[in-house]
Structures are given as C-alpha cells and as structure tokens.
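So the chains spell out like this:
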Amino acid sequence: MEHRQENTGLVNSVQKALNILNCFSVEQPQLSLAQISSLLSYPKSTTLNLVRTLEHSGYLLKDAATQNYTLGYKILNLSYLLRSSLPVVQYALPFLEDLQDKTGEIIYLVSYINGQVLYLEGLYPTQRMANYSISGKILPMHCTGCGKAMFSYLPREEQQAILRRWGLPPKTPNTITTEEALFKEVELIQSRGYAVDLEEETPNVKCVAVPVLNSNGHAVAAISISGTVMNMKDELIPGYAEMLSRTCSVLSGKASEFPASKVSSPF
C-alpha cells in the first residue's frame, strides 16, 4: 500500500515523482541522476527507481550519449491535449490576430494559476520569432504588464498571499521589488485601466496590458501588446490600451473558461 502524507491525503511516491519533473527548467533542461538526487535530497536508490518509472512511462527521456535525462515527449502530448481542452483560446484568436494586424507588434493572451502568470498564446510579426511558442510559460505577476494588470484586479487577501508565496524577485534593474512601489502601481493601473511594463521583465521590451474581468470585477486573464522600447512609443500607449480594452470586454463573456476560473486558488 502506498504511504500517504499525514493530514493531506497526498500519495508520497507520486509527489516525489512530480518533484523530479519540476526539477527541469529552461536553465536546466538536462539533468543527471546525481543532480536530481542532490536537488531533492532523495537517496540515489529511490531517485533511480522513480526516474526509471518516469522514463518507462514516457515522462522522462534518457540521452544515450550523456546518460542524462530530459523531459519526455509524453509531456508534450499532454500539453497538446490541455490546449485542446481550452476552446477559449481558439475563440480569442481572431481578436488577437486583429490586434496583431493593426499594431504589427507581439500580442499575448495570458491567465494565471497559483499566483503566477500562465501564457496561453502569443502572436508574432511574421518577420520576427515566427516559430516561437510561448504557450505554457510561467512568470511572476509583478514584473510583466499582463501580470500587473491581473494582480491589480484581485481581492486584497489574494494579492497579499501571492506576495507571501512568491515575493518580488528582480528580473531586470527596472523590476518593482517593494510592496510599497507595487501597490502604488496598482492604484495607477486601476485609475487608468491598463498596465505598462517598462523593461521590467526583459531589457528593451515594453508592453501595455489590460485585464479580462469576470462578473465580480476580478481578473481571470489579460492581453498585452508588446514590442521594443523604440517601437512602443509613449504616444501610442493610450490608443493601444483602448484597443485592448475593447477586446477584453468581449472576452469577459468567456471569463469562466479561462484557467484562473477553473483552478482553485491555493491561498
């Protein structure tokens, strides 16, 4: 019989296997058995058994040359199945394409889960990054336009819970890193109805974002127009914000279909 963690009902061995998958990142896409064992402080024998099980099921892939592990293709298949279960993304695409056509800039559609931004779709100018997919990327709320737009329209207790869990780590020299500065920004966003990212997550990238609100006035998603600092001139921002606002008003009718509405808050 599986050992279950006390008072939680979670299966310990399953949690350990999931922790292994969570070791992989953009910065560390390939790990050795010893690295996984060290990162999680698991005995090597336990790690080996878990890794072999994950490999057998297709969730990990072993590189024959290096003997290191990467995430397996089964995860890519699950990602496809998950995207197929989100018809709201397909519903939103024509509106995103219209924004992209009118601005010539990058358009992002996001939601949030567990207090972090979840990228659902990105549309790019054909001459730049045309083959790059951002779907599934996770980022903090405080350093992105979409994240700040959504954060500003969440209940105060949820905002505080997000800050307690994730903090305000710097991504660039322009990232907001104090609660005082963040809540001052929240007041500004609420007063004008849109958020701006001024090289706060990526150098030389500027964006404007507007939240998609549910019937309670809480954010469930956001859309942004993003481009280089040179392209995203200050005088364009109000017009872009108005375009985004009109699109978000339409998508608010589908608020219940976004991940933020479907996933229970852990806070």
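Residues numbered from 1 in each chain as written. Predicted model: local features only at pLDDT ≥ 70, side-chain atom pairs only at ≥ 80, totals over all residues. Heavy atoms only, no water.

Quick look at a nonpolar patch on the surface now. A contiguous nonpolar patch, built from L61, Y73 and L76 and spanning about 350 Å² of accessible area, is present on the exposed surface. Position of L61 among the secondary structure elements: in strand β1 (residues 60-62). What makes L61 partly exposed here is its relative accessible area of 34%. (Patch = residues over 30% accessible without salt bridge, like charges linked within 9 Å, V, L, I, M, F, W, Y side chains within 5 Å. Areas by Shrake-Rupley, 256 points an atom, 1.4 Å probe, with all protein chains shown as cover. Salt bridge = Lys/Arg side-chain N within 4 Å of Asp/Glu carboxyl O. Helix = DSSP H or I, 4+ residues; strand = E, 2+ residues; numbered from the N terminus. Buried < 20%, exposed > 50% of the residue type's maximum accessible area, 1.4 Å probe, protein only.)

Looking along a regular strand, one sees side chains alternate from face to face of the sheet. Counting buried positions over the nine residues of strand β7 (residues 205-213) gives seven, a clear majority of the element. Here strand β6 (residues 195-198) runs beside β7; their pairing, made up of four bridges, is antiparallel. For D197, the partnering residue across the bridge sits in β7 and is C207. Sheet analysis places β7 next to strand β8 (residues 219-228), joined by nine bridges and oriented antiparallel. If you follow V212 over to β8, its bridge partner there is A221. Connecting β7 to the antiparallel partner β8 that follows it, the hairpin turn spans five residues, and G217 within it adopts a positive phi of roughly 80°. (Pairing = 2+ DSSP bridges.)

What follows deals with the side chain of T175. With respect to the helices, strands and loops of the structure, T175 is situated in the loop between α7 (156-166) and α8 (179-192). Taking relative accessible area as the criterion, T175 reaches 7% and is therefore assigned buried. Engagement of the side chain of T175 in a polar contact is seen with the backbone nitrogen of K171, the distance being 3.0 Å. Here T175 is in contact with H142, C143, P169, P170 and E200, once residues within four sequence places are set aside. (Polar contact = N/O pair within 3.5 Å; in protein donor to acceptor, adjacent residues only side chain to side chain. Contact = heavy atoms within 4.5 Å.)

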